[in-house]
Structure formats: structure tokens, C-alpha cells
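# Structural features, examined
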Amino acid sequence: SGTNYATCLYADLDVQITDAFSPFLYPNQYVNFTADSKVVAKGQELAEGASSDLEVITRIYDYITQNITYDYGKASDPPTGYTSDVDAILASGTGICLDYAAVMASMLRSQRIPTRLEVGYAQDAYHAWISTYVEDQGWVNGMIHFDGKNWSIMDPTFAANAGEKELKSFIGDGKNYVTKYIY
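Residues numbered from 1 in each chain as written. Predicted model: local features only at pLDDT ≥ 70, side-chain atom pairs only at ≥ 80, totals over all residues. Heavy atoms only, no water.

## Topic: the overall build of the protein
Scanning the protein from terminus to terminus reveals 7 helices and 8 strands. Each of the 183 residues in the protein was classed as buried or not, and the buried ones make up 39%. Accessible surface for the protein amounts to roughly 10,700 Å². Of this, 49% is attributable to carbon and sulfur atoms. (Helix = DSSP H or I, 4+ residues; strand = E, 2+ residues; numbered from the N terminus. Buried < 20%, exposed > 50% of the residue type's maximum accessible area, 1.4 Å probe, protein only. Areas by Shrake-Rupley, 256 points an atom, 1.4 Å probe, with all protein chains shown as cover.)

Below is the structure:
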């Protein structure tokens, strides 16, 4: 009760996942959406008429980075155990890194594009970002930018809030990112 917990049941289970992408196509505690969620409707709207998953990813990425601003107040003291309310973030247009990642992951997963929400460190900062599976490319880590020829690592939080030069120097080749958890 309260903040005191004890193990009541413990069991080892032998489990096989028949589709390795399943965990990254459905909602969970951190990427929490339903068929009725506003993020699903917006993801559908943005995906309409797209000729490929890459085009859907690009449209959703562009939307997120142009329509959500960073919430410095929430970032300075995030609530313990914080999880995103993706529809509230979409409505307010503000959020922290976990919000950017959760909204984007929700939109992409709802369009059947495997997306991992990753939490770890970007340099010394505790941070969240996404990785997306692209056919013929595999997992593209740290989010993506494709200029028609080359892939580069992108992060929707930093892309929405930093200048191009500052962004490229921070992200670099992606070695600044250390993943601790994948959701």
C-alpha cells in the first residue's frame, strides 16, 4: 500500500513472440492510444494518399516537429512516474521529449509502422526518442531524416527546438545516444 510494495506472486514463463514487430505496433503504458484517439485520427489524416511508409514517416515527423513546442516548465520538474497523455499533448501543442516520442510513436504504430519509443541518455541528458522500422532499411535509430539519398539520425524533440547547425553538432553520428529502455 502507498509506497510500500511486496512481491505476492512470481513465476518464470517461457514465451515466444511469433511476430517480432508486434510489441512495436500496439499501445502500451508509454505509447498509449486507442482507435478513438485524436492522434490516431491525425496519423490517418497525415498518411492519406501516401505512396510508402517512408512518406508517412516523413509527413508525421514534419507535423510533430512543426506543431509541438517544448514545455520547459514541465521539463524542469517532470512528475515522478510521468507518462504522456498523447491526445492532451496533441491538443496543447506542447510537451517534453517523452511526449514528442509518444505522440509520434502512437501515430506511426496506428498506421502499422513498427516504432520503438526509446529512453536513455543523449549525452548527459535523460531523454526519449524513437526508432522506426523501414522496409529494406531495417531499424532506423534515433528517428530519421532522408534527403532522397542519405539517412541521418534525427530526434523530433531536438529537431523541433534547435537550429540546424546546433542539431547536427549535438546528434552527430548518433553515438551521443545510449538506450536504456525500449517501449
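The rest of the description comes next.
## Considerations on the side chain of S37
In this structure, S37 sits in the segment before α1 (38-47). S37 gets classed as buried once you look at its relative accessible area, which sits at 7%. Separated by 2.8 Å, the side chain of S37 and the backbone nitrogen of T34 make a polar contact. (Polar contact = N/O pair within 3.5 Å; in protein donor to acceptor, adjacent residues only side chain to side chain.)

## Description of unusual backbone geometry
The backbone phi angle of R112 is positive, close to 65°, even though this residue is not glycine. Mapping R112 onto the fold places it in the loop between α5 (97-110) and β3 (115-122).

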